Amino acid sequence: MGRFAYVPAWINGLVSLYFLQITICKIGTDDLDILRTLPKLQLLVLGLDFVPTKVIVIETEGFNELWGFSVNCPAPWLTFRTAAMPKLTHLQLEFCSGSAMQESVPYGIGNLQSLAEVALLYNQEWCANSSSIVRTVDAVKRQVA
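Calculation rules
Residues numbered from 1 in each chain as written. Predicted model: local features only at pLDDT ≥ 70, side-chain atom pairs only at ≥ 80, totals over all residues. Heavy atoms only, no water. Helix = DSSP H or I, 4+ residues; strand = E, 2+ residues; numbered from the N terminus. Buried < 20%, exposed > 50% of the residue type's maximum accessible area, 1.4 Å probe, protein only. Contact = heavy atoms within 4.5 Å. Areas by Shrake-Rupley, 256 points an atom, 1.4 Å probe, with all protein chains shown as cover. Pairing = 2+ DSSP bridges. Salt bridge = Lys/Arg side-chain N within 4 Å of Asp/Glu carboxyl O. Phe/Tyr/Trp six-rings, centres within 6.5 Å; stacked < 30°, edge-to-face > 60°.

Undergrad: Quick question: what am I supposed to make of the overall build of the protein chain here?
TA: Check the secondary structure of the protein chain and you find 3 helices and 8 strands. Counted from the first residue to the last, the protein chain has its helices and strands arranged as β-β-α-β-β-β-β-β-β-α-α. Among the 145 residues that make up the protein chain, the fraction classed as buried is 39%. Within the protein chain, residue pairs in contact and separated by at least 24 positions form 56% of the contacts whose partners lie at least 6 positions apart. Surface accessibility of the protein chain: about 7800 Å² in total, with carbon and sulfur atoms responsible for 53%.

Undergrad: Where do I start with the pairing of strand β5 (residues 68–72) in this structure?
TA: Along any regular strand, the residues point their side chains to alternate faces of the sheet. Taken across its 5 residues, β5 has 4 buried, putting it largely inside the fold. Across 5 bridges, strand β3 (residues 43–48) lies against β5 in parallel orientation. When the bridges of β5 are listed, Leu43 appears paired with Gly68. Strand direction decides the pairing type here: β5 and strand β7 (residues 90–94), joined by 5 bridges, are parallel. Across the sheet, the residue bridging to Gly68 is His90, located in β7.

Undergrad: Looking at this structure, how should I read the side chain of Ser70?
TA: Considering the arrangement of structural elements, one finds Ser70 in strand β5. Assessed through its relative accessible area of 11%, Ser70 is described here as buried. Setting aside residues no more than four positions away along its own chain, Ser70 makes contact with Leu44, Val45, Leu46 and Gln92.

Undergrad: Help me understand the pattern of salt bridges in this model?
TA: Opposite charge on two side chains permits them to pair, given that their charged atoms come into close proximity. Enumeration over the complete set of coordinates arrives at 4 salt bridges. Among the ionic pairs, Arg3 bridges to Asp49, the shortest N-O distance being 1.8 Å. Here the residue Arg3 occupies a position in strand β1 (residues 2–4), and Asp49 occupies one in the loop between β3 and β4 (56–58), the gap between them amounting to 46 residues. The exposed category is assigned to Arg3, whose relative accessible area is 54%. Using a relative accessible area of 40% as the deciding quantity, one classes Asp49 as partly exposed. The shortest N-O distance in the salt bridge between Lys87 and Glu65 comes to 3.1 Å. With Lys87 in the loop between β6 (78–80) and β7 and Glu65 in the loop between β4 and β5, this residue pair connects regions lying 22 residues apart in the sequence. Residue classification places Lys87 among the partly exposed positions, given a relative accessible area of 41%.

Undergrad: Looking at this structure, I do not really get the packing of aromatic side chains. What am I missing?
TA: To describe a pair of aromatic rings, you give the distance between the ring centres and the angle between the ring planes. Scanning all chains against the criterion turns up 1 aromatic pair. Look at Phe4 and Trp10: their rings are 6.3 Å apart centre to centre, the planes differ by 75 degrees, and that puts the pair in the edge-to-face class. Phe4 gets classed as partly exposed once you look at its relative accessible area, which sits at 27%. Look at Trp10 and you get exposed, because its relative accessible area is 54%.

The analysis is restricted to geometry; functional conclusions fall outside its scope.
Below is the structure:
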């Protein structure tokens, strides 16, 4: 558990790690590769301490044992590829704003084959009338319907 600029490369040596809570300030090209190759990782709580400027893609390979994935970031601009995270049953997105760009909403949630529960967390008092929040919630509802 900790806060880092990027995902430290030494984490990929923790082959018995089954729970990880980490916050990063930037996302590098290798960050998700490091996390997705952890062979026993079952629960990942990922904090993104920045607003993504491009989509964060969860690829088909890796995250083979992950059943719980929580993302805490200002704008959950994620895309899940077909057959990504094959054992994922619980997805939690905690966000506080969104991008002005219409396409910057979560996409591909229907590609998560084992998904049983999706939780969206945001501060309703401060964000309920935000068009980007409404757009994100509507996009997720359509995908899980």
